[in-house]
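Report on the structure
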Amino acid sequence: MDDFTPLFARLGRSAFRSRFRLNAKEQAYLAERGIETILTHAEEFIAQRLAPALPLNDGKQAPMRGHPVFVAQHATATCCRTCLSKWHGIAADQRLSAQDQRYIVAVIRDWLSNRHP
């Protein structure tokens, strides 16, 4: 889809963002279910938890662990509307478009497929 190299270079300079890693249980879950199933989960999480203009519990809707998508969201700054605005330039005060949601899932896919240790 996109070349996320510049984005991941910026994220890599953040001590907070670069510390996220899948633990053994999350790695096993990803391996057992496969990337496509995990990305289906990502689409659902984004649509339900992030897409509204004013999401419920914004800033707290993505746990720090427990699912590969949640870890990836924190690693990629796609975890809340404030981070989406700061890191990705996606306005925080309007519903995410279908294009925005596809972009977020693509960033998560890239991290899960290519960049998680």
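Above: the structure in question.
Residues numbered from 1 in each chain as written. Predicted model: local features only at pLDDT ≥ 70, side-chain atom pairs only at ≥ 80, totals over all residues. Heavy atoms only, no water.

Okay, the packing of helix H3 (residues 24-33) against helix H4 (residues 35-50) next. Angle between the axes and distance between the axes: these two values describe a pair of packed helices. Interaxial distance between H3 and H4 falls to 6 Å at its minimum, and their mutual angle equals 110°. Classified by the angle between their axes, H3 and H4 sit roughly perpendicular to one another. In this structure, H3 uses Tyr29, Leu30 and Arg33 to contact H4, whose residues at the interface are Ile35, Thr37, Ile38 and His41. Grouping the amino acids of the contact of H3 with H4 by side-chain chemistry returns 4 nonpolar, 2 polar and 1 charged. (Axes fitted to C-alpha atoms, helices over the stretch in contact; angles between N-to-C directions. Helix = DSSP H or I, 4+ residues; strand = E, 2+ residues; numbered from the N terminus. Parallel < 35°, antiparallel > 145°, perpendicular 65-115°, else oblique. Contact = heavy atoms within 4.5 Å. Nonpolar A, V, L, I, M, F, W, Y, C, P; charged D, E, K, R; others polar.)

Here we come to the pattern of salt bridges. Enumeration over the complete set of coordinates arrives at 3 salt bridges. With its nearest N and O atoms 3.2 Å apart, the salt bridge here joins Glu36 to Arg109. Pair noted here: Glu36 is in helix H4 and Arg109 is in helix H7 (residues 98-115), with a separation of 73 residues, a long-range link. Glu36 sits in the partly exposed class, given a relative accessible area of 48%. (Salt bridge = Lys/Arg side-chain N within 4 Å of Asp/Glu carboxyl O. Buried < 20%, exposed > 50% of the residue type's maximum accessible area, 1.4 Å probe, protein only.)

Attention now goes to the environment of Ala47. By the secondary structure assignment, Ala47 is in helix H4. For Ala47, a relative accessible area of 33% translates into the label partly exposed. It is 22 Å that separates the C-alpha atoms of Ala47 and Tyr29, two residues lying 18 residues apart in sequence. Non-local contacts of Ala47, meaning those with residues more than four positions away in its chain, are made with Pro52 and Gln101.

What follows deals with helix H6 (residues 81-88). Every buried residue of H6 is listed here: Arg81, Cys83, Leu84, Trp87 and His88. Buried residues along H6 cover an arc of 160° about the axis, so they all sit on one side. Counted as exposed and oriented over 90 degrees from the buried face of H6: Thr82 and Lys86. Against the buried residues of H6 lie helix H1 (5-12), helix H2 (15-18), H4 and H7. Positive phi appears at Gly89, one or two residues downstream of H6, with a value of about 70°. (Arc of directions from axis to C-beta.)

On the secondary structure map, Thr78 appears in the loop between helix H5 (68-75) and H6. Take Thr78: its relative accessible area is 0%, and that puts it in the buried class. Side chain to side chain, Thr78 and Thr76 meet in a polar contact 2.8 Å long. Setting aside its immediate chain neighbours within four residues, Thr78 contacts Leu50, Ala72, Gln73, Leu84, His88, Ile104, Val107 and Ile108. (Polar contact = N/O pair within 3.5 Å; in protein donor to acceptor, adjacent residues only side chain to side chain.)

Along H1, the positions that sit buried rather than exposed are Leu7, Phe8 and Leu11. Projected down its long axis, H1 shows its buried positions confined to an angular sector of 90°, all on one face. For H1, the elements touching its buried residues are H2, H5, H6 and H7.

On to the nonpolar core, then. Proteins that are soluble and globular tend to have nonpolar side chains buried together. Core analysis: the largest hydrophobic core is formed by 35 residues, its most contacted members being Ile46, Leu96, Ile104, Ile108, Trp111 and Leu112. Of all the elements in the fold, those that place two or more residues in this core are H1, H4, H5, H6 and H7. Per-element accounting of this core gives the leading share, 7 residues, to H7. Setting aside its immediate chain neighbours within four residues, Ile46 contacts Ala51, Gln73, Leu96, Gln101, Ile104, Val105 and Ile108. (Core = buried A, V, L, I, M, F, W, Y, C linked by side-chain atoms within 4.5 Å.)

That's the geometry; what it means functionally is another story.
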